[in-house]
Amino acid sequence: MTDGCGAPAQTASLPATVDLANEAVIQGTVVRGDDAVPGAYARLLDATGEFTGEVVTSDEGIFRFFAAPGDWTVRVLAPGGVSIDSTVTAQVGEIANLQVAI
Amino acid sequence: MSRSDVLVDADWVQAHLNDPGIVLVEVDEDTSAYEKGHIRGAVRIDWKTELQDPVRRDFVDKTGFEALLSEKGIANDDLVVLYGGNNNWFAAYAYWYFRLYGHQNVKLLDGGRKKWELDSRDLVEDVPSRPKTSYSATEQDASIRAFREEVVEAIGDKNLVDVRSPDEFTGKLLAPAHLPQEQAQRGGHIPTARSIPWSKAANDDGTFRSDEELRDLYQEAGVDLSKPTIAYCRIGERSSHTWFALHELLGLPDVKNYDGSWTEYGSLVGVPIELGEAK
């Protein structure tokens, strides 16, 4: 059966099937004060601002993308008209971590 | 056809939640989304386990579709309003699928689950029970589904619209960036295809762009709207979203979705593949 292109559940740690040596990972947590924000939308935009992917944050407020090396923008959307952009650089074999406060 | 014939907004859904003859259907790949909360009265269709053949790579057949809709309590004359996560990809796919099997009275909730959530509208956990029906489907409508032979013949002739992300189009990535890059087939795109990511047809909140914006988008990317068009992505659900924009919103008469998409084309022996930017 073909797997869909939908985003998988955003787990706290990197899935065991993923070999970090081959991936350029961008991940982060969405917080409001000291609390994680589940159910926010994280959109990955490439260096030209083009949409590349979107995930919904987990119960721990986590989002994660498997990108290509380079500069990216993560746009976080949440109820109340929240839209916050953060820039990040991804490299193969590394996890680029973000914390987004809304 | 006007936009209101195929698309409803969240206010409309809110106002018609209790209307008989209207069935809300949530379609997701991630079925836990429905369990955590859904629009009141909505039934669920699982994209993977209920719409796909469990063995072959194909849809459930006509009999299977009839059994599914009967089981869900959907009747032939019901108005089906579809919505889902992932900017309505799977809902748009289901919409195309309902049309494929002849259900004409079907609409999409503009923006899907995302817009509903961003509006802070109510979601419930109660699962409705609907009495079974005896649903009867038609044979598949071949005018909206493309197969590989037709796609190869369309190179340099019909519009081919590749709706994947730019990096998937050029061959840099083999799958969307929220998925690990474990795919094995070749990267690239079908020669002569135009790159118009599905996301350009949608606003940040998941609603569709206006007809005028959509028309400009496709024309500026080199799509001749007077010619037949085939849309494809990786497995056919993002391209259902674009099929909806072209066929249902802009009303173009000859638009097909190639559901085999890149996972089939990029694995075919002997077919041409182009790398890099659109030529």
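Conventions used here
- Position numbers for residues start from 1 in each chain and track the written sequence from start to end.
- Key to labels: chains lettered from A, ligands numbered from 1, both in the order written.
- A pLDDT threshold of at least 70 governs which residues receive local features in this predicted model, and a stricter bar of 80 or more applies before side-chain atom pairs are shown or counted, although totals over entire chains, interfaces and linings include all residues.
- Side-chain numbers here rest on the full set of heavy atoms in the structure, without hydrogens or water.
- In DSSP terms, a helix is any run of H or I states spanning at least four residues, a strand is any run of E spanning at least two, and both are numbered starting from the N terminus.
- Every radius of gyration here is taken over C-alpha atoms, with the globule rule written as 2.2 Å times N^0.38, N being the number of residues.
- Any two residues whose heavy atoms approach within 4.5 Å at even a single point are treated as in contact.
- For the accessible areas, the method is Shrake-Rupley and the probe is 1.4 Å, while residue cover comes only from the protein chains on display.
- For every residue, the accessible area obtained with a 1.4 Å probe (protein chains only) is divided by the maximum for its type, and the residue is called buried under 20%, exposed over 50%, and partly exposed between those limits.
- Axes here refer to lines fitted to C-alpha atoms; in helices the fit is confined to the stretch in contact. Angles between the N-to-C directions go from 0 to 180 degrees.
- Each angle receives one of four descriptions, namely roughly parallel if under 35 degrees, roughly antiparallel if over 145, roughly perpendicular if within 65 to 115, and oblique otherwise.
- Helix crossings are classified by the rotation of the near helix relative to the far one: an anticlockwise turn of less than a right angle makes the crossing left-handed, while a clockwise turn makes it right-handed.
- Think of it as three bins: nonpolar holds Ala, Val, Leu, Ile, Met, Phe, Trp, Tyr, Cys and Pro, charged holds Asp, Glu, Lys and Arg, and polar takes everything else, Gly as well.
- Accessible-area loss on putting two parts together, using a 1.4 Å probe and summing over both, is the definition of buried area adopted here.
- One side-chain nitrogen of Lys or Arg within 4 Å of one carboxyl oxygen of Asp or Glu is enough to make a salt bridge.
- Here a polar contact is taken to be a pair of N or O atoms separated by no more than 3.5 Å, where protein atoms must pair a possible hydrogen donor with a possible acceptor and residues adjacent in sequence count only if both atoms sit in side chains.
- A pocket, in this scheme, is an open set of points on a 1 Å grid over the protein atoms alone with protein on both sides within 12 Å along at least 5 of 7 lines, while a cavity is a set where a 1.4 Å probe fits but cannot get out; residues line either one if an atom lies within 4 Å of a point.
- Grid points are joined across faces, edges and corners, and a volume is the space filled by probe spheres set on the points.
- Only when DSSP finds a minimum of two bridges between them are two strands counted as paired.
- Nonpolar core, defined: a set of buried Ala, Val, Leu, Ile, Met, Phe, Trp, Tyr and Cys residues in which side-chain atoms within 4.5 Å join the residues together.
- Boundaries between domains were set according to an automatic or database domain assignment.
- Convention used here: a crossover is right-handed provided that the path from the first strand, over the helix, to the second strand proceeds clockwise when the strands point away from the viewer.
- Residues enter patches when they are more than 30% accessible in relative terms and free of salt bridges; like-charged ones are connected within 9 Å and nonpolar ones (Val, Leu, Ile, Met, Phe, Trp, Tyr) within 5 Å.
- Neither His nor the chain termini are counted; the positive set is Lys and Arg, and the negative set is Asp and Glu.
- Here the site of a charge means NZ on Lys, CZ on Arg, CG on Asp, or CD on Glu.

Colleague: What exactly am I supposed to notice about the overall build of chain B here?
Modeller: Within chain B one finds eleven helices and nine strands. Here the C-alpha radius of gyration of chain B, 18 Å, is about what a compact globule of 279 residues would show, namely 19 Å. Residue pairs in contact within chain B that sit at least 24 positions apart in sequence constitute 75% of those at least 6 positions apart. Looking at chain B as shown, the accessible area adds up to about 11,100 Å², and 47% of this sits on carbon and sulfur atoms.

Colleague: Looking at this model, I keep getting lost on helix α4 (residues 62-72) of chain B. Mind explaining?
Modeller: A turn of α-helix holds 3.6 residues, and therefore any two residues three or four places apart point the same way. Every buried residue belonging to α4(B) is among B:Phe65, B:Glu66, B:Leu68, B:Leu69, B:Ser70 and B:Lys72, and all of these are buried. Backbone geometry just after α4(B) places B:Gly73 at a positive phi near 80 degrees.

Colleague: Looking at this structure, how should I read the packing of helix α9 (residues 211-220) of chain B against helix α10 (residues 238-249) of chain B?
Modeller: Helices that pack against each other are described as a pair by the angle of their axes relative to one another and the distance between those axes. All names here are of chain B. Running from N to C, α9 and α10 point in directions that differ by 115 degrees, and their axes come no closer than 11 Å. Classified by the angle their axes make, α9 and α10 are roughly perpendicular. You can see that α9 and α10 cross each other, and the crossing is left-handed. Mapping the contact onto sequence places Asp-211, Leu-214 and Tyr-218 in α9 and Thr-242, Ala-245, Leu-246 and Leu-249 in α10. Along the lines of polarity and charge, the residues of the contact of α9 with α10 split into five nonpolar, one polar and one charged.

Colleague: I'm lost on the interface of chain B and chain A in this one. Help?
Modeller: The figure often quoted for interface size is the accessible area lost as the parts come together. Between chain B and chain A, the residue contacts involve 38 residues of the former and 33 residues of the latter. Interface of chain B and chain A: buried area, both sides summed, is about 2,900 Å²; carbon and sulfur atoms make up 55% of it. Remark: the boundary between chain B and chain A carries four salt bridges. The interface formed by chain B and chain A contains six residue pairs in polar contact (both at pLDDT 80 or more). Contributions of two or more residues to the side of chain B that touches chain A are made by α3 (47-51), α5 (85-100), α6 (112-118) and α8 (166-170) of chain B.

Colleague: Just checking my understanding: could you explain the layout of surface pockets for this structure?
Modeller: Gaps left between atoms are located by rolling a probe of water-molecule size over the structure's atoms. Each pocket or cavity is described by its volume, and for the largest pocket that value is around 670 Å³. Taken together, 27 residues line the largest pocket, and the ones lying closest to its centre are A:Gly39, A:Val56, B:Ala33, B:Lys36 and B:Glu117. For the lining of the largest pocket, the secondary structure elements donating two or more residues are β4 (51-56) of chain A together with α2 (32-36), α5 and α6 of chain B. Of the residues in the lining of the largest pocket, the class split is nine nonpolar, ten polar and eight charged.

Colleague: Help me understand the sheet that holds strand β5 (residues 106-109) of chain B, please; the structure alone is not making it clear to me.
Modeller: Within a sheet, adjacent strands bond to each other through the backbone by hydrogen bonds, running parallel or antiparallel. All names here are of chain B. One open sheet accounts for five strands, arranged β1-β5-β4-β2-β3; its pairing is parallel. The open sheet has two edge strands with one neighbour each: β1 (7-8) and β3 (43-46). As defined by bridge partners, strand β2 (residues 22-28) adjoins strand β4 (residues 79-83) across five bridges and the pair is classed as parallel. Residue pairing for β4: Val-25 is matched across the bridge by Leu-82. In this fold α5 packs onto β2, β3, β4 and β5, with an angle of close to 175 degrees to the strand it touches most, β5.

Colleague: Would you mind going over the nonpolar core with me for this structure?
Modeller: Note that soluble globular proteins tend to have their nonpolar side chains buried in a common cluster. Counting residues in each nonpolar core, the largest one holds 58 residues, and the members touching the most others are B:Val25, B:Phe65, B:Leu82, B:Leu108, B:Tyr218 and B:Phe244. Residues from two domains meet in this core; each of domain 1 (3-140) and domain 2 (143-265) of chain B gives at least three. Not counting residues within four places of it along the chain, the set of residues in contact with B:Tyr218 comprises B:Ile196, B:Ala201, B:Val223, B:Leu225, B:Thr242, B:Ala245, B:Leu246 and B:Leu250. One finds A:Ala68, A:Val88, B:Leu173 and B:Ala177 within the second-largest nonpolar core, a separate group that totals 23 residues.

Colleague: How should the domain arrangement of chain B be read in this particular structure?
Modeller: All names here are of chain B. Here the domain parsing of chain B yields domain 1 (3-140) and domain 2 (143-265). In this structure, domain 1 and domain 2 have C-alpha centres spaced 23 Å apart. Taken together, the contacts link 23 residues of domain 1 with 28 residues of domain 2. Both sides of the domain 1 and domain 2 interface together cover about 2,300 Å² of buried area, and 63% of this is carbon and sulfur. If you sort the residues of domain 1 by the area they bury against domain 2, Arg-3, Trp-89 and Trp-96 come out on top, with a joint share of 33%. On inspection of domain 1 and its partner domain 2, the count reaches three salt bridges. Linking Glu-248 and Arg-99 is a salt bridge whose minimum nitrogen-to-oxygen distance equals 2.5 Å.

Colleague: Got a minute to help me understand the pairing of strand β8 (residues 229-232) of chain B in this structure?
Modeller: Across a regular strand the side chains alternate sides, sitting on one face of the sheet and then on the other. All names here are of chain B. Here β8 shows a buried face lined by Thr-229 and Ala-231 and a second buried face lined by Ile-230 and Tyr-232. Across three bridges, the pairing between β8 and strand β9 (residues 255-257) is parallel. Counterpart to Thr-229 in the pairing with β9 is Val-255. The parallel pair β8 and β9 is bridged by α10, and the resulting crossover is right-handed.

Colleague: Quick question: what am I supposed to make of a negative patch on the surface here?
Modeller: All names here are of chain B. Among the surface-exposed residues, Glu-212, Glu-213, Asp-216 and Glu-220 lie close enough to one another that they form a single negatively charged patch. Following the sequence through the fold, Glu-220 ends up in helix α9. In this structure Glu-220 comes out as exposed when scored by relative accessible area, which is 70%.

Colleague: Would you mind going over unusual backbone geometry with me for this structure?
Modeller: Residue and element names in this part refer to chain B. For Asn-86, which is not a glycine, the phi torsion comes out positive at approximately 50 degrees. Relative to the helices and strands, Asn-86 is located in helix α5. Positive phi values are uncommon outside glycine, yet Thr-192 reaches one of about 75 degrees. Tracing the backbone shows Thr-192 in the loop between α8 and β7 (194-195).

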